[in-house]
Amino acid sequence: MFDKIQKAQATIQRTCDRLGHDVRIMEVCGTHTVAIFRGGIKGILPKGLRLISGPGCPVCVTDQGYIDLVLQLADRNDTLIATYGDMIRVPGRDGSLETRQSRGNVHVVLSTDDALNLAVENPRKTVVFVAVGFETTTPATAVAVKEAAARGLDNFTILSNHKLVIPAMTALLMDPQTQIDGFLCPGHVSVILGYGAYRPIVEQYHRPCVVAGFEAVQILEGLAEICRQIADKRADVANVYCAVVTEQGNATARRIVDECFEPADGYWRGLGSIPKSTLRLKAALRHYDAFERFGIAETPAEDLTGCRCGQVLCGRIEPPQCPLFAGRCTPDTPVGACMVSSEGTCAAWFKYGDRR
Amino acid sequence: MCLAIPTRIVELEGDQAVVDAMGNRFRARTTLLPDVRLGDLVLVHAGFAISRVDEEEAKKTWELIEQIDAFRDTANRLSG
């Protein structure tokens, strides 16, 4: 193991020395951000290598406008809100799902099966499943919608805010304020997508895309591979998470998602509207779409006063540069979404990083 | 949020499975991996098996989880 660490470290060092300028690598996934801190990886990297946390925490990138819609639905008397635990504390303009729990209609679920069961057990209420997450999480929602349709479970709906990773990576590359030399691509999103999915980024934008798992050594190997490509002036797709990620990914999961959803323009916190980056239910499944059922639409909302989550998510600033960080905004009293989720960049910096 | 853990399928009927991760057993669906069999190792995310995983990788992840748990226990004892 130490051989591998030393070899990766040497490659990274050599690249930074040779280039003579900073190398900026974005880890797209929130789980990577936490693993990088927990593994103490930043401490053994040369100063010239900057790791930038990307928009890869689904809770964090969910726009304020969507959160406010969920809260609006939670305030009705005819609904039950089914949500993964990650979303419960995200503050909207007026409180959070957590502050509404005493009303008894907010249910934390571990899977979409639990959300379907909630609809079966409560025929007089309409269940709204808070459908957030990237490619890893979307297939479970698609299976639930298909099953609701097959069983005629009319009181089950989803409020889809499922996001696509690649349009966000592309949007960042097109933003002149963000400089990214390579991407450490998300492990479990890639289980579904397959590492071949990053080829357009490599071909059009000439940035290395390397998929890694969540073990510290593997993250280092991924970073070393990116550095090696940058030093050789190459940009390729590579995969060091060979145990679970294949070039084609999980085709069954993607087919089920394609049967239910189609890409639409969508709002991201900090990134604004990104073309074809959010999944909406297809017209044939409109009956299960909470936007249609309740006649609501998402409108973008400004970040809460003073919160700079948006800039953190694009890698423009680091959390300590936000005036609220570690003062008014802490994991116990989160103001912004990046502090709420345990995988949020601000939460990771607060827990493991330098708070100044 | 995209975290997935390696588990072994210990019961399987249709696409309904019971899986085992380090002695913890829970329900998971195999809808997204139609060809799995009893005894296979799979990564589970939000109640669904999303990919196969080999023995070595599963062991590495379980060890990592054990280390984190041990670290948390120590941290809790120190702080509490």
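Owing to the predicted nature of the structure, the values given are computational and were not obtained by experimental measurement.

All names here are of chain A. Here five strands make up an open sheet; going across it, the order is S2-S1-S7-S8-S9 and the pairing parallel. Only two strands of the sheet have a single neighbouring strand rather than two, namely strand S2 (49-53) and strand S9 (237-239). On average, adjacent strands in this sheet sit at an angle of 20° to one another, irrespective of strand direction.

This paragraph deals with helix H4 (residues 64-74) of chain A. Residues and elements named next belong to chain A. Counting buried positions along H4 yields 10 of 11 residues, so the element is predominantly enclosed. Taken as a whole, H4 has its buried residues at Gln-64, Gly-65, Tyr-66, Ile-67, Asp-68, Leu-69, Val-70, Leu-71, Leu-73 and Ala-74. Buried positions along H4 lie against strand S3 (79-83), strand S5 (126-131), strand S6 (156-160) and helix H12 (290-293). Capping of H4 at its N-terminal end is provided by Asp-63; its side-chain oxygen lies 2.9 Å from the backbone amide nitrogen of Gly-65.

The next thing to look at is the nonpolar core. Residues and elements named next belong to chain A. With 120 residues, the main nonpolar core has Phe-129, Phe-156, Leu-159, Met-169, Phe-183 and Tyr-198 as its most contacted residues. Examining the composition of this core, we find that seven residues originate from one element, H4, more than from any other. Dropping the residues within four chain positions of it, Phe-183 is found in contact with Met-26, Val-28, Met-169, Leu-173, Ile-201, Pro-208, Cys-209, Val-210 and Ile-226. Membership of the second largest hydrophobic core comes to 24 residues, among which are Cys-16, Ala-212, Leu-223 and Ile-226.

Moving on, we get to the packing of aromatic side chains. Residue and element names in this part refer to chain A. Taken as a whole, this structure holds six aromatic pairs over all chains when the rule is applied. Ring plane angle 85° and centroid distance 5.4 Å describe the contact between Tyr-84 and Phe-129, whose orientation is recorded as edge-to-face. Residue Tyr-84 is located in the loop between S3 and strand S4 (106-108), and its partner Phe-129 is located in strand S5; the two are separated by 45 residues in the primary sequence. Look at Tyr-84 and you get buried, because its relative accessible area is 5%. Phe-129 sits in the buried class, given a relative accessible area of 0%. Ring centres of Phe-134 and Trp-268 lie 6.1 Å apart, and the angle between their planes is 35°; this geometry places the pair in the tilted category. On the criterion of sequence distance, the pair formed by Phe-134 in the loop between S5 and helix H6 (138-151) and Trp-268 in strand S10 (residues 261-268) is long-range, its members being 134 residues apart. The class for Phe-134 is buried, based on a relative accessible area of 2%. Accessibility expressed as a relative area gives 1% for Trp-268, which makes it buried.

Each value, and the rule that gives it
Residues numbered from 1 in each chain as written. Chains lettered and ligands numbered in written order. Predicted model: local features only at pLDDT ≥ 70, side-chain atom pairs only at ≥ 80, totals over all residues. Heavy atoms only, no water. Pairing = 2+ DSSP bridges. Helix = DSSP H or I, 4+ residues; strand = E, 2+ residues; numbered from the N terminus. Axes fitted to C-alpha atoms, helices over the stretch in contact; angles between N-to-C directions. Buried < 20%, exposed > 50% of the residue type's maximum accessible area, 1.4 Å probe, protein only. Contact = heavy atoms within 4.5 Å. Polar contact = N/O pair within 3.5 Å; in protein donor to acceptor, adjacent residues only side chain to side chain. Core = buried A, V, L, I, M, F, W, Y, C linked by side-chain atoms within 4.5 Å. Phe/Tyr/Trp six-rings, centres within 6.5 Å; stacked < 30°, edge-to-face > 60°.

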